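# Per-entry structural report
Each chain, written out:
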Protein chains: 2
Amino acid sequence: MADQVTLRDVAQLAGVSVATASRALSGAVGRTVRADLRARVLDAAGMLNYSPNAAAQAMVRGSTSTVALVVHDIADPYAAAVAAGVMATAARRGLMVTVAATGSDPEVEVRHVEMLRRQRARAVILGGSRTADPFVQQRLDLELSGILADGGSVASIGQDTLPVHTVRIDNAGGARSLATSLVGLGYRRFAVLTGPESWLTSEDRLTGFQAGVEAAGAALAPESVMSTQFSRDGGYVAMAEMLDRDPGAIADVDAVFAVSDVMAVGAMAALRDRGHHIPGDVAVAGFDDIGMLRDVRPALTTVRLPLERIGSRALELALDLRPAEAEDRATPVVETVTGEVVVRASTPGRN
Amino acid sequence: MADQVTLRDVAQLAGVSVATASRALSGAVGRTVRADLRARVLDAAGMLNYSPNAAAQAMVRGSTSTVALVVHDIADPYAAAVAAGVMATAARRGLMVTVAATGSDPEVEVRHVEMLRRQRARAVILGGSRTADPFVQQRLDLELSGILADGGSVASIGQDTLPVHTVRIDNAGGARSLATSLVGLGYRRFAVLTGPESWLTSEDRLTGFQAGVEAAGAALAPESVMSTQFSRDGGYVAMAEMLDRDPGAIADVDAVFAVSDVMAVGAMAALRDRGHHIPGDVAVAGFDDIGMLRDVRPALTTVRLPLERIGSRALELALDLRPAEAEDRATPVVETVTGEVVVRASTPGRN
DNA sequence: GTGAAAGCGCTAACAT
DNA sequence: ATGTTAGCGCTTTCAC
């Protein structure tokens, strides 16, 4: 491994002390270094292709220029959109973003947060759905309080279950509004494809939808709710299973709500593969309004979430609302984002 | 900012020296620390919720546990898939991934690489298309050689235009095969929607397609090639423009090749909005085989690229084939990935 | 097996 | 305005 070019080398070549070299390069507030010296330093740095060592700077400054984002799977367009928002805001502030994927394993999430804590990331954004596992939760809490104690900050996206700044997504409210809209369009008999039960995001969407349906005087039979993976294939498999379990049952359903657009698309494929026409035979609705899915036909009725915005906001909350004093750990701020129902061709009026 | 818990605190609480504490925690190969002392240290660390400072470790070890990925836009499913591959391999090796988005601006790319160099990332993966700008290219070269000089490594994805390990994507070959397939299906008169001209990925796909068309005895008129943004909306706008420019011209085209799936989807929407039926009136083909687009109808004919695999491989090349000696900078390895033509319903046989 | 001490590259007092 | 020097938190010789 070649010897790195250090500030000492630059200073030497420029014929100044390391202090002067540092001042010339890091250019503190007042230009406290003579123009000709500064120029010599800059030249020397250029000659040597010098690059300051961020780790060394972090040591002495006591803070890094890195933030972190934890998601389930970056290939999921939901996570990718959030990441784009976080990265845009980070770039605007000259920060780099470390992204960690958990594969939806809370255990892995904790390990990643632990690594991110070691990096002393200025902020850690928890972008994946919270789960209900109390044991892992406790270890996570420990890491998070450690981050706070070290002067970092934390923000969470989705559920407001952690004592940190949160961009809360009103999943229940959005799903409820969706249900209301669908009932308004004339739908009465629903089936729901939901995610893993421990996963709060899908649970909230399920219960919200249920509430909306019931408020409208309709009902959601337990056997018409199917739990599956939070993915396209999960949607496909669950829909297929539901259809195969009782081929006649679908005749009793006039709309399927999949708790995410990605799942909805899978469900549509399963429906089609079994000869059902959408929306003629059965309507389908999703949640999220994933941009990349805008062109599936029939266009998907869904609940729009400003995902990029949510990512940006989460970072802003973390960065701008850092706990004031060590002892007076500032009260976490919770900002709620409500989705907007977007009715499209997949759920035409049934009047 | 609260005082961080340092190794000194842990050692003190455990009643040992920092050296012993370090050995107990970092646990070198041979367990050279007595069991009871190690236990005391571990306990103390637990009590204090201690987290080693990665920057300090990096300083003394001379290497970080971070790798970096540079892409145009993480929300683009192409980049997201590559990122998923990089992150999976990184996780397997206990490394974190810093992701930087350039917004397709070569200038921004250079700045990000510069920042990543400061972080002393072990490897930097350039995941975006190379461009033809010689000036920026030169500054990029400087940063890259700096990374190498500092003991880091670099890998590039796409074009083999940089003196670094490369997962070369045979864009030209894939596009050529696609053209051959389309001609085989009976198509003769093509229109092409391509990306920015300085962008090598789209240029290669265009010229490859052109070569394939010509090899088959057909031709591609210059006016039937339209340059646009490498995005869904770019595809839409370009297609719309082409249709509006000369509403009759489309009658002379029996297949549109968009140089990416994402653009193809936009093109399909524009075609439909103007009343053209796909594939009845005109066929459409793309490139990449983006999984999330699997469910658009008609299913898109395309060239499949193993994007995740490509990401993984790029990181493996960078990590496992580091330059041996400073002076003997190892010859960069170039691995070529060839796409596979996948014919689907958007280009039925015209026989 | 354990501890003392020397740095890693840099910035920020503190002198001058 | 510039140089000297003391660390930042950690690992790793080097003695014992």
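From a predicted model like this one, the values you see are computed outputs, not experimental measurements.

Take the overall build of chain A next. Helix and strand counts for chain A stand at 12 helices and 12 strands. In terms of C-alpha radius of gyration, chain A reaches 26 Å, well past the compact-globule figure of 20 Å for 351 residues. Dimensions of chain A along its principal axes, counting C-alpha atoms only, are 85 × 40 × 35 Å. The buried share among the 351 residues of chain A stands at 54%. Across chain A, the fraction of contacts at a sequence separation of at least 24, relative to all contacts at a separation of at least 6, is 75%. Surface exposure of chain A reaches about 14300 Å², of which carbon and sulfur atoms provide 52%. Counting 34 positive and 41 negative side-chain charges, chain A places the averaged centre of each group 9 Å from the other.

All names here are of chain A. Position of glutamine 159 among the secondary structure elements: in the loop between β4 (153-158) and β5 (165-169). One polar contact links the side chain of glutamine 159 to the main-chain amide nitrogen of arginine 130, over a distance of 3.0 Å. Polar side-chain contacts of glutamine 159 include one of 3.0 Å to the side chain of threonine 201. Residues contacting glutamine 159, with those up to four places away along its chain left out, are Ser129, Arg130, Thr166, Asn171, Leu200, Thr201 and Asp204.

Once that is clear, we can look at the protein's contact with DNA strand C. The environment of DNA strand C is formed by 25 residues, the closest being A:Leu7, A:Tyr50, B:Thr20, B:Arg23 and B:Arg34. Those atoms of DNA strand C that come within 4 Å of the protein belong to sugar or phosphate at a rate of 72%. Between DNA strand C and A:Ser22 there is a distance of 2.6 Å, counted from a phosphate oxygen to a side-chain nitrogen or oxygen. Put simply, the parts of the chain that give the surface near DNA strand C at least two residues each are α2 (18-26) and α4 (54-61) of chain A together with α2 (18-26) and α4 (54-61) of chain B. In terms of residue count, the dominant contributor to the surface near DNA strand C is α4(A) (5 residues).

Residue and element names in this part refer to chain A. Relative to the assigned elements, alanine 19 resides in helix α2. Judged by relative accessible area, which is 33%, alanine 19 ranks as partly exposed. As a C-alpha pair, alanine 19 and arginine 111 span 92 residues in sequence and 39 Å in three-dimensional space.

When two helices pack together, you describe them by how their axes are tilted relative to each other and by the distance separating the axes. Residues and elements named next belong to chain B. Running from amino to carboxyl end, helix α1 (residues 7-14) crosses α2 at an angle of 100°, the nearest separation of the two axes being 8 Å. The angle between α1 and α2 places the two elements in the roughly perpendicular class. Where α1 abuts α2, its residues Leu7, Arg8 and Ala11 lie against Val18, Ala21, Ser22 and Leu25. Residue composition of the contact of α1 with α2, by class: 5 nonpolar, 1 polar and 1 charged.

With that out of the way, let us pick up the sheet that holds strand β9 (residues 283-285) of chain B. Residue and element names in this part refer to chain B. Strand order across the open sheet formed by 4 strands is β7-β6-β8-β9, with parallel pairing between neighbours. A strand with exactly one partner marks an edge of an open sheet, and here the two such strands are β7 (225-227) and β9. Neighbouring strand axes in the sheet, compared pairwise and without regard to direction, differ in orientation by 15° on average. Bridge count for strand β8 (residues 255-258) against β9 is 3 bridges, and the pairing is parallel. From the neighbouring strand, valine 256 faces β9, where its bridge partner is valine 284. In the packing of helix α10 (residues 232-245) onto the sheet, the strands contacted are β6 (190-194), β7 and β8, and the crossing angle to β6 comes to about 140°. Here helix α11 (residues 261-273) sits on the sheet and contacts β6, β8 and β9; the angle it forms with β9, its principal contact strand, is near 160°.

A separate point is the pattern of salt bridges. All names here are of chain B. As enumerated under the stated definition, the model contains 42 salt bridges over all chains in all. Arginine 118 is paired through a salt bridge with glutamate 114; the nearest N and O atoms lie 3.0 Å apart. Placement of both arginine 118 and glutamate 114 in helix α6 (residues 106-118) is noted, with a separation of 4 residues, approximately one turn of the helix. Residue classification places glutamate 114 among the partly exposed residues on the basis of a relative accessible area of 23%.

Cut-off values and rules
Residues numbered from 1 in each chain as written. Chains lettered and ligands numbered in written order. Predicted model: local features only at pLDDT ≥ 70, side-chain atom pairs only at ≥ 80, totals over all residues. Heavy atoms only, no water. Helix = DSSP H or I, 4+ residues; strand = E, 2+ residues; numbered from the N terminus. Rg over C-alpha atoms; globule rule 2.2 N^0.38 Å. Buried < 20%, exposed > 50% of the residue type's maximum accessible area, 1.4 Å probe, protein only. Contact = heavy atoms within 4.5 Å. Areas by Shrake-Rupley, 256 points an atom, 1.4 Å probe, with all protein chains shown as cover. Lys, Arg positive; Asp, Glu negative; His and termini not counted. Charge placed at Lys NZ, Arg CZ, Asp CG, Glu CD. Polar contact = N/O pair within 3.5 Å; in protein donor to acceptor, adjacent residues only side chain to side chain. Near = heavy atom within 4 Å. Axes fitted to C-alpha atoms, helices over the stretch in contact; angles between N-to-C directions. Parallel < 35°, antiparallel > 145°, perpendicular 65-115°, else oblique. Nonpolar A, V, L, I, M, F, W, Y, C, P; charged D, E, K, R; others polar. Pairing = 2+ DSSP bridges. Salt bridge = Lys/Arg side-chain N within 4 Å of Asp/Glu carboxyl O.

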